Amino acid sequence: MNLKALSYECRLNVLDMIKGAGTGHIGGDFSVMDILITLYFKQMNITPETADDPNRDLFVMSKGHSVEAYYSVLAAKGFLDIKEVIAKFSRFGSPYIGHPNNKLPGIEMNSGSLGHGLPVCVGMALACRMDGKSNRVYTVMGDGELAEGSVWEGVMAASQYKLDNLCAVVDRNRLQISGNTEDVMGQDDLQTRFEAFGWNVIQAEGNDIDALNEAFEEAKKCKGRPTVIIANTTKGFGGGELIENKAGWHHKVPTDEEYQIIKAELEKRREAVNE
Ligand SMILES: Cc1ncc(C[n+]2csc(CCOP(=O)(O)OP(=O)(O)O)c2C)c(N)n1
Ligand SMILES: [Mg+2]
């Protein structure tokens, strides 16, 4: 399967979800897409058929506002029906609400209130190890999310318990809801900070599936410490200069004209990687 083309296909589905519903978080959806595709299509041992297997890998989408990207990848993997998701996303009474909920197939944990994914994953990883399992636990956090104190309690605990079956990813797009992360709550020394807490730290190009895959492979080799992959991404990646790296597109809904511009850009990039 051409995963690069799939990443643009999934972004096109996200665009349709958001345009149809009139709500959503396009910037963080587009930045996190390659991370999700790499996890679901190259790394994690998880399929709809094995969704209840006790030895499956576990994933928590801690930056739950990027639920549209999550739905699109779950659908590509066969957990959800993409046509139904696009038709019903965020509509009154719909099961496809605006943040992840674990009543839907493939979703392990409700999220959206930032700062909770990692602490829960610490518990999951500890439980898996106590049960003698060899599976892995993954979570994706936003860089703005790292301002939540609970994240750092989880960081400390993961290190205390030497959870080498745990891998966190930071979607390091340098923007959050209200502007640059560095202006809101500086994160520039992330590498040093995680290392000081006893973590293995890997930097990766966050919109490059091959580079991300290499980083996940390296993470698996690290023993006795949890790993964080700092995925250096671009918010809005793939949508072109209209939305890329623009704080205002955190949760802006495109006008009809903007929808066409973003769609054309995604289609162009999809064709380019299809050649
Ligand atoms: C506890 C909590 N506080 C505030 C919010 C509102 N909120 C939603 S998204 C967001 C910004 C998150 O920025 P970041 O983690 O960098 O996400 P990304 O850039 O990947 O979209 C905020 C503050 C929330 N969801 N949860
Ligand atoms: Mg961010």
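Here the structure is shown first, and the text comes after it.
What you are looking at is a predicted structure, and each value in this text was computed from that prediction instead of being measured.

Side note on the packing of helix 2 (residues 26-43) against helix 3 (residues 67-76)
Part 1 of the argument: Taken N-terminus to C-terminus, the directions of helix 2 and helix 3 make an angle of 30°; their axes are 9 Å apart at the nearest point. One element, helix 2, and the other, helix 3, form an angle in the roughly parallel class. At the point where helix 2 passes helix 3, the crossing takes the right-handed sense. Taking contact as the criterion, the partners of D29, V32, M33, L36, I37, Y40 and F41 in helix 2 are, on helix 3, V67, E68, A69, Y70, S72, V73, L74 and A76.
Part 2 of the argument: Here the residues of the contact of helix 2 with helix 3 sort into 12 nonpolar, one polar and two charged.

Examining the coordination of the magnesium ion (ligand 2)
Part 1 of the argument: Taken together, D143 (OD), N173 (OD1) and L175 (O) make up the protein donors of the magnesium ion (ligand 2), found 2.1 to 2.2 Å from the metal.
Part 2 of the argument: Sequence positions of the donors to the magnesium ion (ligand 2) reduce to the motif D-x29-N-x1-L. Of the two residues, D143 is situated in the loop between strand 2 (137-142) and helix 6 (149-160) and N173 in the loop between strand 3 (166-172) and strand 4 (175-176); the sequence distance between them amounts to 30 residues.
Part 3 of the argument: We classify D143 as buried; its relative accessible area is 1%.

Some thoughts on the side chain of R11
Part 1 of the argument: Structurally, the position occupied by R11 is in helix 1 (residues 3-21).
Part 2 of the argument: At 3.0 Å, the side chain of R11 forms a polar contact with the side chain of S7.
Part 3 of the argument: In this structure the side chain of R11 is engaged in a polar contact, spanning 2.9 Å, whose partner is the backbone oxygen of F237.
Part 4 of the argument: Look past the residues within four positions of R11 in its chain and what remains in contact with it is F30, M33, D34, N207, F237 and L266.

With respect to a negative patch on the surface
Part 1 of the argument: Together, E205, D208, E214 and E218 give the surface a local cluster of negative charge.
Part 2 of the argument: Along the polypeptide, D208 turns up in the loop between strand 6 (200-205) and helix 9 (209-221).

Regarding the packing of aromatic side chains
Part 1 of the argument: All told, the structure shown has eight aromatic pairs when counted by the stated rule.
Part 2 of the argument: Their ring planes at 45° and their centres at 5.0 Å tell us that W152 and F194 sit as a pair that is tilted. A residue pair is termed long-range when its members are at least 10 positions apart, and W152 in helix 6 and F194 in helix 8 (residues 190-196) qualify at 42 residues.
Part 3 of the argument: You can call W152 buried: its relative accessible area is 12%.
Part 4 of the argument: Ring geometry for F194 and W199: centres 5.5 Å apart, planes at 65°, overall edge-to-face.
Part 5 of the argument: Overall, F194 belongs to the buried group, its relative accessible area being 0%.

Overview of the site of ligand 1
Part 1 of the argument: Taken together, 18 residues form the shell around ligand 1, and within it K63, H65, D143, G144 and K235 come nearest.
Part 2 of the argument: In the model, an oxygen atom of ligand 1 is placed 2.7 Å from a nitrogen or oxygen of the K63 side chain.
Part 3 of the argument: At 2.9 Å from an oxygen atom of ligand 1 is found a main-chain nitrogen or oxygen belonging to E145.
Part 4 of the argument: When the free accessible area of ligand 1 is taken as 590 Å², the share hidden by the protein chains comes to 79%.
Part 5 of the argument: Across the shell around ligand 1, the residue classes tally to three nonpolar, nine polar and six charged.

So, the sheet that holds strand 6
Part 1 of the argument: One open sheet holds the five strands; their spatial order is 1-2-3-7-6, and the pairing between them is parallel. At either end of the open sheet lies a strand with only one pairing partner, and these are strand 1 (58-61) and strand 6. On average, adjacent strands in this sheet sit at an angle of 20° to one another, irrespective of strand direction.
Part 2 of the argument: Where strand 3 and strand 7 (residues 227-232) come together, six bridges link them in parallel fashion. From the neighbouring strand, R172 faces strand 7, where its bridge partner is N232.
Part 3 of the argument: Of the strands in this sheet, strand 1, strand 2 and strand 3 touch helix 5 (residues 117-130), which is tilted by about 170° from strand 2.

Remarks on the side chain of Q43
Part 1 of the argument: Position of Q43 relative to the elements: it lies in helix 2.
Part 2 of the argument: On the accessibility criterion, Q43 (8% relative accessible area) is buried.
Part 3 of the argument: Here the side chain of Q43 touches N213 through a polar contact of 2.7 Å, side chain to side chain.

A short note on unusual backbone geometry
Part 1 of the argument: Even without being a glycine, S90 presents a positive backbone phi close to 60°.
Part 2 of the argument: Checked against the element boundaries, S90 lands in the loop between helix 4 (82-88) and helix 5.
Part 3 of the argument: Residue N245 is not a glycine yet carries a positive backbone phi of 60°.
Part 4 of the argument: With respect to the secondary-structure elements, N245 resides in the loop between strand 7 and helix 10 (256-274).

Rules used in this analysis
- Residues numbered from 1 in each chain as written.
- Chains lettered and ligands numbered in written order.
- Predicted model: local features only at pLDDT ≥ 70, side-chain atom pairs only at ≥ 80, totals over all residues.
- Heavy atoms only, no water.
- Axes fitted to C-alpha atoms, helices over the stretch in contact; angles between N-to-C directions.
- Helix = DSSP H or I, 4+ residues; strand = E, 2+ residues; numbered from the N terminus.
- Parallel < 35°, antiparallel > 145°, perpendicular 65-115°, else oblique.
- Left-handed = near helix turned anticlockwise from the far one by under 90°.
- Contact = heavy atoms within 4.5 Å.
- Nonpolar A, V, L, I, M, F, W, Y, C, P; charged D, E, K, R; others polar.
- Donors = N, O, S within 2.8 Å, 3.2 Å for Na, K, Ca; no water.
- Buried < 20%, exposed > 50% of the residue type's maximum accessible area, 1.4 Å probe, protein only.
- Polar contact = N/O pair within 3.5 Å; in protein donor to acceptor, adjacent residues only side chain to side chain.
- Patch = residues over 30% accessible without salt bridge, like charges linked within 9 Å, V, L, I, M, F, W, Y side chains within 5 Å.
- Areas by Shrake-Rupley, 256 points an atom, 1.4 Å probe, with all protein chains shown as cover.
- Salt bridge = Lys/Arg side-chain N within 4 Å of Asp/Glu carboxyl O.
- Lys, Arg positive; Asp, Glu negative; His and termini not counted.
- Charge placed at Lys NZ, Arg CZ, Asp CG, Glu CD.
- Phe/Tyr/Trp six-rings, centres within 6.5 Å; stacked < 30°, edge-to-face > 60°.
- Near = heavy atom within 4 Å.
- Pairing = 2+ DSSP bridges.

Remember, this is a structural readout, not a statement about activity or role.
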